[in-house]
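# Chain and residue survey
Each chain, written out:
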Amino acid sequence: MTVRTDPHLELVRPVQPLTPEGCQECLQLGSPWVHLRLCLTCGHVGCCDSSPNRHARRHAAADGHPIAASFEPGESWRWCFVHEAFV
């Protein structure tokens, strides 16, 4: 895994997950998800790109919050949706 410096890291804030029980939109829709991602700008919890609805990516694009972290136990990586890279 190559980690790079990314100008979007300046958008990272200390956040608390808004819906720690799962993907915010999938919970509302009653839809399943595969893995969860935490927006590091606002705390939105969304589902990953392997999930049917890809809500983390949709949130990043719609809200301009490009950096997300894995919200899976034991994982500590971060991803920039703009640069498609680990940061």
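Residues numbered from 1 in each chain as written. Predicted model: local features only at pLDDT ≥ 70, side-chain atom pairs only at ≥ 80, totals over all residues. Heavy atoms only, no water.

### Observations regarding empty space enclosed by the protein
Applicable threshold: Every definition here rests on a 1 Å grid over the protein atoms only: cavities are sets of points where a 1.4 Å probe fits but cannot get out, pockets are open sets enclosed by protein on both sides within 12 Å along at least five of seven lines, and lining residues have some atom within 4 Å of a point. Grid points are joined across faces, edges and corners, and a volume is the space filled by probe spheres set on the points. For helices the rule is a DSSP run of H or I covering at least 4 residues; for strands it is a run of E covering at least 2, with both sets numbered from the N terminus onward. Each residue is assigned to one class: nonpolar for Ala, Val, Leu, Ile, Met, Phe, Trp, Tyr, Cys and Pro, charged for Asp, Glu, Lys and Arg, and polar for all the others, Gly among them.
All told, the structure shown has 1 cavity of 30 Å³ or more when counted by the stated rule. Its volume calculated, the largest cavity comes out at about 40 Å³. Lining the largest cavity, in full, are Arg-37, Leu-38, Cys-39, His-44, Gly-46, Ala-56, His-59, Ala-60, His-65, Ala-68 and Phe-81. Contributing elements (two or more residues each) for the lining of the largest cavity: strand E1 (36-39) and helix H2 (55-63). Residues that form the lining of the largest cavity fall into these classes: 6 nonpolar, 4 polar and 1 charged.

### Observations concerning the pattern of salt bridges
Just so we agree on the cut-off: Salt bridge, as used here, is a side-chain nitrogen of Lys or Arg placed within 4 Å of a carboxyl oxygen of Asp or Glu. A 1.4 Å probe rolled over the protein chains alone gives each residue an accessible area, and that area as a share of the maximum for its type sets the label: buried under 20%, exposed over 50%, partly exposed in between.
By the definition in use, this model includes 3 salt bridges. Residue Arg-54 pairs with Asp-49 through a salt bridge whose shortest N-O separation is 3.5 Å. Asp-49 gets classed as partly exposed once you look at its relative accessible area, which sits at 34%. Members of the salt-bridge network, linked through shared partners, are Asp-49, Arg-54, Arg-57 and Glu-84.

### Quick look at H2
Short version of the rule: Working definition: the arc comes from the directions between the helix axis and the C-beta atoms, pointing outward to the latter.
Turning to H2, its buried residues number three or more, namely His-55, Ala-56, His-59 and Ala-60. On an axial view of H2, the arc spanned by its buried residues comes to 140 degrees, and they lie on one face. Summarising the geometry of H2, the exposed residues directed more than 90 degrees from the buried face are Arg-58, Ala-61 and Ala-62. Directly after H2, the chain includes Gly-64, whose backbone phi takes a positive value near 70 degrees.

Worth remembering: the numbers are spatial, not functional.
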